[in-house]
Amino acid sequence: MAMPISIPANRPDPCALIIFGASGDLTQRKLVPALYELYCQGNLPENLFVIGVSRTEMSDDDFRWHLGEGASRHAIGYEEGKWREFARRLHYLAGSATKAELYPKLKARTRELAEVHGLPTPGLGSTDQTWACLPNTLFYLSVAPHLVEPIVSRIGEAGMVYEGKRWCSIGEGPMPWQRIIVEKPIGTNLESAREQVRALGRVFEEESIYRIDHYLGKELVQNILVMRFANTFFEPLWNNKYVDHVQVTAAEQVGVGRRAGGFYDRAGALRDMIQSHLLQIMALVAMEPPASFDPTAIRREKIKLIDAVREVSPEDAAQFAAFGRYAGSGNSADDDGGLGYAELEGVEAEQRTETYAALKLHIDNWRWSGVPFFVRSGKKMPRKLTEVVIQFREPPVRLFNHVDPRRGEGVSHANRIVINIAPDEGMSLRLEAKVPGPSLRIKPVKMDLDYAYVFNAQPLESYGPLMLEAMRGDQTLFKHRDEVDGAWRICEPFLTSEQLRASVETYGAYSWGPSAADALIGGDGRAWHNPDAGERR
Ligand code: BG6
């Protein structure tokens, strides 16, 4: 069997990982379990240590216990002894990250722990005060958006970033780096996103800013580029001559539950999923081939694609979108206690926040002119499903209409590629084939690639690999400020359209969403790809 091709990845640099918002859910459920998994696989740089920063008073041991709880539930292959070994790398510092008083303590603790863990700290002992004498440092901001600006400013004022804005003033040499990972949401609209971009830019170079999108860490999302550009036969068909339309779907079976009042009611499906994750997937599906497999080349193509998405005016937005919110299921055992979204605690029903959004987008470039891209995401749908559907056109001449008269009446079996991002990672291609036998009968069949089966591997949780990429200094899977800006520019007219907001329709819990979404795609005889319960893709 041929060996898989791999690019030798740069070794991740050892570093201090400073997590702000460390007592929060993300750290306990995702970040630390992912670090533990990397540790067990031998992929975590030696000497790496973590300092969790948060306001809650806790000792290192309390912090380890709290995280151990999460790891035992969320990490693959959790094992008590291994966890204890790993947990020695976890430390905690209580304090308010928006207050300047915290930072001298944070610097001192970082230096002290660098010594304990044997992490090189070039410059320590030097008399040159332009150095902060810190090791490689990766800041991780897992905090509410309004805290980003003050925390980044305090980091800057404390002199913890000396690569950033001042890199050209300090001679080249074995300088440690400082990078920052920022969680979504990046702002809540175009203006606040720009403010955040400016705040980060005052302290960090764009090359040191890693805007994380966990969807970009998903294997099948990364596979989109491999599929398109490591094969010959997709690219010639990947355009308006052969593709009828494209669908990008992220459906979730869960409801909003307890997140409703604190977060979701101010976000909604368009901000929470489409602006952040789905437009990224769309960009990978539709971008031009990059000049090389290099972070800058890839991000440049994604930016160009996002720039080519047609802007609609708020007045026209309702023609190109459908919003909905789910009704109650009546099942008190579900995550909303059977209630509908509007009845959940903390929800201001009159705000008409959408738990489902579908957009019809157009890309005004030569490749995609005339091909609509339908992007949708919703909670409380029949199943968890993240997928991309490339729907091809019918052949130019229909030689076989006589075999199945329904084909002449709008029943289309045109070729279709379905890329299943999650769950059941894989890909299928729908083809027409002759049914064996003496008469001519035609049936659509699927060629199916099941990722877990073919590679005999389960896809990894995306946070771990993404953190490693940041430690390697590879920005391919992170968003450039222009991509964020472009995505807000596309979404903003839909968010501000009063007509669209007023038309939010209630859809049945565990249904495929509001009827307006069917009308949005169906105008030209198209339909959403809503696989049945047992169907994988
Ligand atoms: C997050 C959203 O970014 O993605 C959540 O804030 C959503 O609302 C989650 O549930 C879905 O992620 P995944 O990886 O489970 O598809």
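Rules used in this analysis
Residues numbered from 1 in each chain as written. Predicted model: local features only at pLDDT ≥ 70, side-chain atom pairs only at ≥ 80, totals over all residues. Heavy atoms only, no water. Buried < 20%, exposed > 50% of the residue type's maximum accessible area, 1.4 Å probe, protein only. Helix = DSSP H or I, 4+ residues; strand = E, 2+ residues; numbered from the N terminus. Contact = heavy atoms within 4.5 Å. Axes fitted to C-alpha atoms, helices over the stretch in contact; angles between N-to-C directions. Parallel < 35°, antiparallel > 145°, perpendicular 65-115°, else oblique. Left-handed = near helix turned anticlockwise from the far one by under 90°. Nonpolar A, V, L, I, M, F, W, Y, C, P; charged D, E, K, R; others polar. Pairing = 2+ DSSP bridges. Near = heavy atom within 4 Å. Polar contact = N/O pair within 3.5 Å; in protein donor to acceptor, adjacent residues only side chain to side chain. Areas by Shrake-Rupley, 256 points an atom, 1.4 Å probe, with all protein chains shown as cover. Core = buried A, V, L, I, M, F, W, Y, C linked by side-chain atoms within 4.5 Å. Salt bridge = Lys/Arg side-chain N within 4 Å of Asp/Glu carboxyl O. Patch = residues over 30% accessible without salt bridge, like charges linked within 9 Å, V, L, I, M, F, W, Y side chains within 5 Å. Phe/Tyr/Trp six-rings, centres within 6.5 Å; stacked < 30°, edge-to-face > 60°.

Peer 1: I'm lost on helix 5 (residues 145–157) in this one. Help?
Peer 2: For an α-helix, 3.6 residues make a turn, and residues three or four places apart therefore share a direction. Listed as buried for helix 5 are Val148, Pro150, Ile151, Val152, Ser153, Arg154 and Ile155. Where helix 5 is buried, its residues contact strand 1 (16–20), helix 4 (102–116), strand 4 (137–141), strand 5 (178–182) and helix 6 (190–203). Once helix 5 ends, the next one or two residues include Gly159, with phi positive near 70°.

Peer 1: Just checking my understanding: could you explain the packing of helix 10 (residues 295–308) against helix 13 (residues 481–496) for this structure?
Peer 2: If you want to describe how two helices pack, look at the angle between their axes and the distance between the axes. Interhelical geometry of helix 10 versus helix 13 gives an angle of 15° and a closest axis separation of 9 Å. Here helix 10 lies roughly parallel to helix 13, going by the angle between them. Classified by chirality, the crossing of helix 13 by helix 10 is left-handed. For the pair formed by helix 10 and helix 13, the contact residues are Arg299, Lys302, Ile303, Ile306 and Asp307 on the first element and Asp482, Glu483, Gly486, Ala487, Arg489 and Ile490 on the second. For the contact of helix 10 with helix 13, the per-class residue count stands at four nonpolar, one polar and six charged.

Peer 1: Explain the sheet that holds strand 15 (residues 505–507) here, please?
Peer 2: Adjacent strands of a sheet form backbone hydrogen bonds with each other and so pair up, either parallel or antiparallel. Pairing within the open sheet is mixed, and its nine strands lie in the order 14-13-12-11-7-10-9-8-15. Of all strands in the sheet, those bounded by a partner on one side alone are strand 14 (442–450) and strand 15. Going from strand to strand, the sheet's axes swing by 20° on average, the running direction of each strand aside. Looking at chain direction, strand 8 (residues 321–326) and strand 9 (residues 356–362) are connected through four bridges and run antiparallel. When the sheet's bridge partners are listed, Ala321 is paired in strand 9 with Leu359. Contacting strand 12 (416–422) and strand 13 (426–434), helix 7 (residues 219–229) runs over the sheet at an angle of about 145° to strand 12.

Peer 1: In this structure, what is going on with the pairing of strand 7 (residues 243–251)? I would like to understand it.
Peer 2: Moving residue by residue along a regular strand, the side chains alternate between the two faces of the sheet. When you tally the buried positions in strand 7, you get nine out of nine residues, the bulk of the element. Note: strand 7 against strand 11 (residues 385–392), eight bridges, orientation antiparallel. Bridging from a neighbouring strand, Thr249 pairs with Glu387 of strand 11. Note: strand 7 against strand 10 (residues 372–378), six bridges, orientation parallel. Residue pairing across strands places Ala250 opposite Ser377, the latter belonging to strand 10.

Peer 1: Before we go on, may I ask you to explain the site of the ligand in this structure?
Peer 2: Residues in contact with the ligand, as listed here, are Lys184, His214, Tyr215, Lys218, Glu252, Arg259, Asp272, Met273, His277, Lys379 and Lys384. Contact between the ligand and Glu252: an oxygen atom at 2.6 Å from a side-chain N or O atom of the residue. Here an oxygen atom of the ligand sits 2.7 Å away from a polar atom, N or O, in the side chain of His277. Taking 400 Å² as the accessible area of the ligand by itself, protein coverage stands at 78%. The greatest single-element share of the shell around the ligand, amounting to three residues, is contributed by helix 9 (residues 269–286).

Peer 1: What is the right way to read the nonpolar core from this model?
Peer 2: Nonpolar side chains in soluble globular proteins tend to be buried together. Membership of the largest hydrophobic core comes to 124 residues, with the highest contact counts inside it found for Tyr140, Ile281, Leu361, Met467 and Phe494. By residue number, the principal contributor to this core is helix 9, which donates 12 residues. Setting aside its immediate chain neighbours within four residues, Met467 contacts Leu17, Leu31, Ala34, Leu35, Leu138, Tyr140 and Ile181. One finds Ala97, Ile151, Val161 and Phe204 within the second-largest nonpolar core, a separate group that totals 32 residues.

Peer 1: Would you mind going over the sheet that holds strand 2 (residues 49–54) with me for this structure?
Peer 2: Read from one edge to the other, the open sheet built from six strands follows the order 3-2-1-4-5-6, with strand pairing classed as parallel. This sheet does not close on itself; its edge strands, each paired only once, are strand 3 (90–94) and strand 6 (209–211). With direction set aside, neighbouring strand axes in the sheet form an average angle of 20°. One ladder, built from five bridges, connects strand 2 with strand 3; its direction is parallel.

Peer 1: Where do I start with the packing of helix 1 (residues 25–41) against helix 3 (residues 80–87) in this structure?
Peer 2: At their nearest, the axes of helix 1 and helix 3 sit 10 Å apart, and the two run at 105° to each other. With respect to their mutual orientation, helix 1 and helix 3 come out roughly perpendicular. Taken together, the residues of helix 3 that come into contact with helix 1 (itself represented by Val32, Leu35, Tyr36, Tyr39 and Cys40) are Lys82, Trp83, Glu85 and Phe86. Of the residues belonging to the contact of helix 1 with helix 3, the class tally is seven nonpolar, no polar and two charged.

Peer 1: Any chance you could explain the pairing of strand 3 here in plain terms?
Peer 2: With five of its five residues buried, strand 3 lies for the most part within the structure. Burial along strand 3 is two-sided: Leu90, Tyr92 and Ala94 facing one way and His91 and Leu93 facing the other are all buried.

Peer 1: Looking at this structure, how should I read the pattern of salt bridges?
Peer 2: Close approach of charged atoms allows side chains of opposite charge to pair. For the structure shown, the criterion picks out 35 salt bridges. One salt bridge connects Arg202 with Glu149, and the closest N-O pair in it is separated by 3.9 Å. Taken together, the positions of Arg202 in helix 6 and Glu149 in helix 5 put the pair 53 residues apart, joining distant regions of the chain. By sharing partners, the salt bridges in this structure join Asp60, Asp61, Arg64, Arg109 and Glu112 into a single network.

Peer 1: Explain a nonpolar patch on the surface to me, please; I cannot follow it from the model alone.
Peer 2: Judged by side-chain polarity, Val397, Leu399, Phe400 and Leu440 come together as a nonpolar surface patch covering roughly 400 Å² of accessible area. Summarising the element assignment, Phe400 is placed in the loop between strand 11 and strand 12.

Peer 1: Sorry, what's going on with the side chain of Thr355 here?
Peer 2: Among the secondary structure elements, Thr355 is positioned in the loop between strand 8 and strand 9. We classify Thr355 as buried; its relative accessible area is 0%. Within the structure, the side chain of Thr355 is placed 2.8 Å from the side chain of Tyr507, a separation counted as a polar contact. In contact with Thr355, other than residues within four places in its own chain, are Val256, Tyr264, Ala269, Gly324, Arg325, Tyr326, Tyr341, Ser377, Gly378, Lys379 and Tyr507.

Peer 1: It is not clear to me how the packing of aromatic side chains should be interpreted in this structure. Could you clarify?
Peer 2: Any two aromatic rings considered together are summarised by their centre-to-centre distance and by the angle between their planes. Scanning the entire structure with this criterion turns up 21 aromatic pairs. Ring plane angle 50° and centroid distance 5.4 Å describe the contact between Trp83 and Phe86, whose orientation is recorded as tilted. Highlighted residues: Trp83 and Phe86, both in helix 3, separated by three residues, approximately one helical turn. The residues Trp83 and Phe86 share a single accessibility class, namely buried. A centroid spacing of 4.7 Å and a plane angle of 45° characterise the contact between Phe233 and Phe234, whose relative ring orientation is tilted. Here a set of aromatic residues connected by ring pairs shows up, and it is made of Phe263, Tyr264, Tyr326, Tyr341, Tyr356 and Tyr507.

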